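Chain by chain, the residues:
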Amino acid sequence: MSFADMTDLPAKLREALAAEFTLWESKVVRHLQAPDGTEKLLLELPGGGRIECVLLRDGVRRSICISSQVGCAMGCVFCASGLDGVDRNLTTGEIIEEMLLLQQLLPADERLSHIVVMGMGEPLANLDNLLPALATASDPKGLGISQRRITISTVGLPPAIDRLTREETSYNLAVSLHAPTDELRDQLVPVNKAIGVDAIMEASDRYFEASGRRLTFEYVLLRGVNDRPEDALELAARLRGRPALLNVIPYNPVAGLPYETPYFSAQSKFREILESAGINVQFRERKGDSINAACGQLRRSTPTATEA
Ligand code: SF4
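So, here is what we can say about the structure in this document. (Residues numbered from 1 in each chain as written. Predicted model: local features only at pLDDT ≥ 70, side-chain atom pairs only at ≥ 80, totals over all residues. Heavy atoms only, no water.)

Details of the overall build of the protein
Helices and strands together make up the secondary structure of the protein, namely nine helices and twelve strands. Compactness check: the protein gives a C-alpha radius of gyration of 20 Å against a globular reference of 19 Å for 308 residues, within 12% of the reference. Based on the C-alpha atoms only, the size of the protein along its principal axes is roughly 70 × 45 × 35 Å. When the 308 residues of the protein are sorted by exposure, 50% land in the buried category. Counted over contacts in the protein with a minimum sequence separation of 6, partners at least 24 positions apart contribute 65%. For the protein, the exposed area adds up to about 14,100 Å²; of that, 51% sits on carbon and sulfur atoms. Charged side chains in the protein number 33 positive and 41 negative. The centres of these two groups are separated by 2 Å. (Helix = DSSP H or I, 4+ residues; strand = E, 2+ residues; numbered from the N terminus. Rg over C-alpha atoms; globule rule 2.2 N^0.38 Å. Buried < 20%, exposed > 50% of the residue type's maximum accessible area, 1.4 Å probe, protein only. Contact = heavy atoms within 4.5 Å. Areas by Shrake-Rupley, 256 points an atom, 1.4 Å probe, with all protein chains shown as cover. Lys, Arg positive; Asp, Glu negative; His and termini not counted. Charge placed at Lys NZ, Arg CZ, Asp CG, Glu CD.)

Next up, the structure:
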């Protein structure tokens, strides 16, 4: 989209607009496309810094995964985004621009259907700027994507979850648990030391009670670290009785980090234990592997995929 495309405006006005204003503030530094239809943009922001955002095609779904901060302060040990800490929060305008730039990748007869705020950054650490951006996305005069099709992913910051509860939002909440006990989670998600799994579960339950939105818990499965049968048993005990979905994501290795994809046999056993405990579990397909679709990977790597 450019001023030149606004053919309902007089040509002279279009020229004047193009001379005086810019339509896009963010610059697309790279645009990668994977054979499965996933597309990823690396953006350079007007306020400084680079972020990634992704378009995923799945049947009729057109989902986007957007970033909320430059870098991330949560320090999850297996994640490329947090390796250098956080630089700053994205502005509301920068978040909206991610959505619009991804929408532009679709043909004219297709619309974005779902948004997940699961890219770089901790969304609940930037609620002041994120909530107005999501309000624009869900407004029928904006992108018209209902709150029920928008998911906010978080490591679990109870005061911010309670703010969503108070503000009576209907966004889906995806809590990145990654470990069933504080002992293990303190090692994988360092910010947990100041929070604790119990407080996260309690705040999540309050959000569920207020919003009625089914909770999702995310669990990145790391070989030999949190993929053992005893981890599955403790996780089952944590989740039992909660109307929640458990999303297990076999780890996607990151250059320079020591973690590995779990063996298939360990994945099967993990799944079997949870299923026999009655937990609603799904293993998530890793889309866009060939373009480093996991958050923070493109920013740090030299891409090898097709550039467009
Ligand atoms: S996994 Fe998410 S919360 Fe953790 S460091 Fe990476 S971007 Fe931050």
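Here we look at the pattern of salt bridges
Where charged atoms from two side chains of opposite charge come close, those side chains can pair. For the structure on display, the rule yields 15 salt bridges. Lys40 is the partner of Glu52 in a salt bridge, and the nearest nitrogen-oxygen pair spans 2.8 Å. With a gap of twelve residues between them, Glu52 in strand E3 (residues 50-58) and Lys40 in strand E2 (residues 39-44) connect regions that are remote in the sequence. Measuring nitrogen to oxygen at the nearest pair gives 2.9 Å for the salt bridge that ties Arg88 to Glu94. Residue Arg88 is classed as partly exposed on the basis of its relative accessible area of 21%. The network of salt bridges with shared partners includes Asp128, Arg163 and Glu167. (Salt bridge = Lys/Arg side-chain N within 4 Å of Asp/Glu carboxyl O.)

Digging into the site of the ligand
Looking at the ligand, the residues that line it are Cys72, Met74, Gly75, Cys76, Cys79, Ser81, Gly121 and Val155. Across the shell around the ligand, the residue classes tally to five nonpolar, three polar and no charged. (Near = heavy atom within 4 Å. Nonpolar A, V, L, I, M, F, W, Y, C, P; charged D, E, K, R; others polar.)

A short note on the pairing of strand E4 (residues 61-65)
In terms of burial, E4 is largely enclosed, as four of its five residues are buried. Pairing geometry for E3 and E4, over five bridges, is antiparallel. The residue bridging Val54 from the neighbouring strand is Cys65, located in E4. In sequence, E3 turns back onto E4 through a hairpin of two residues, with Gly59 there showing a positive phi of about 60 degrees. Pairing analysis gives three bridges linking E4 to strand E7 (residues 114-117), with the strands arranged parallel. Within E7, the residue paired with Ser63 across the bridge is His114. (Pairing = 2+ DSSP bridges.)

Re the pairing of strand E10 (residues 215-221)
Of all seven residues making up E10, seven are buried, and the element is well covered by its neighbours. Of the two faces of E10, the one holding Leu215, Phe217, Tyr219 and Leu221 and the one holding Thr216, Glu218 and Val220 are both buried throughout. As defined by bridge partners, strand E9 (residues 172-176) adjoins E10 across three bridges and the pair is classed as parallel. Among the inter-strand pairings, Ala174 is bridged to a residue of E10, identified as Thr216. Bridge analysis of E10 against strand E11 (residues 244-250) gives seven bridges, and the strand direction is parallel.

Observations regarding helix H8 (residues 264-276)
Compared with the 18 Å implied by 1.5 Å per residue over 13 residues, the 18 Å span of H8 between its first and last C-alpha is a close match. Taken residue by residue, H8 has Ala266, Gln267, Phe270, Ile273 and Leu274 as its buried positions. The arc enclosing the buried residues of H8, seen along the axis, measures out at 135 degrees, which places them on a common side. Exposed residues lying more than 90 degrees from the buried face of H8 are Phe264, Ser265 and Ser276. Buried residues along H8 sit in contact with E10, helix H7 (229-239), E11 and strand E12 (280-283). Gly278 lies just past H8 and shows a positive phi near 85 degrees. (Expected span 1.5 Å × (residues − 1). Arc of directions from axis to C-beta.)

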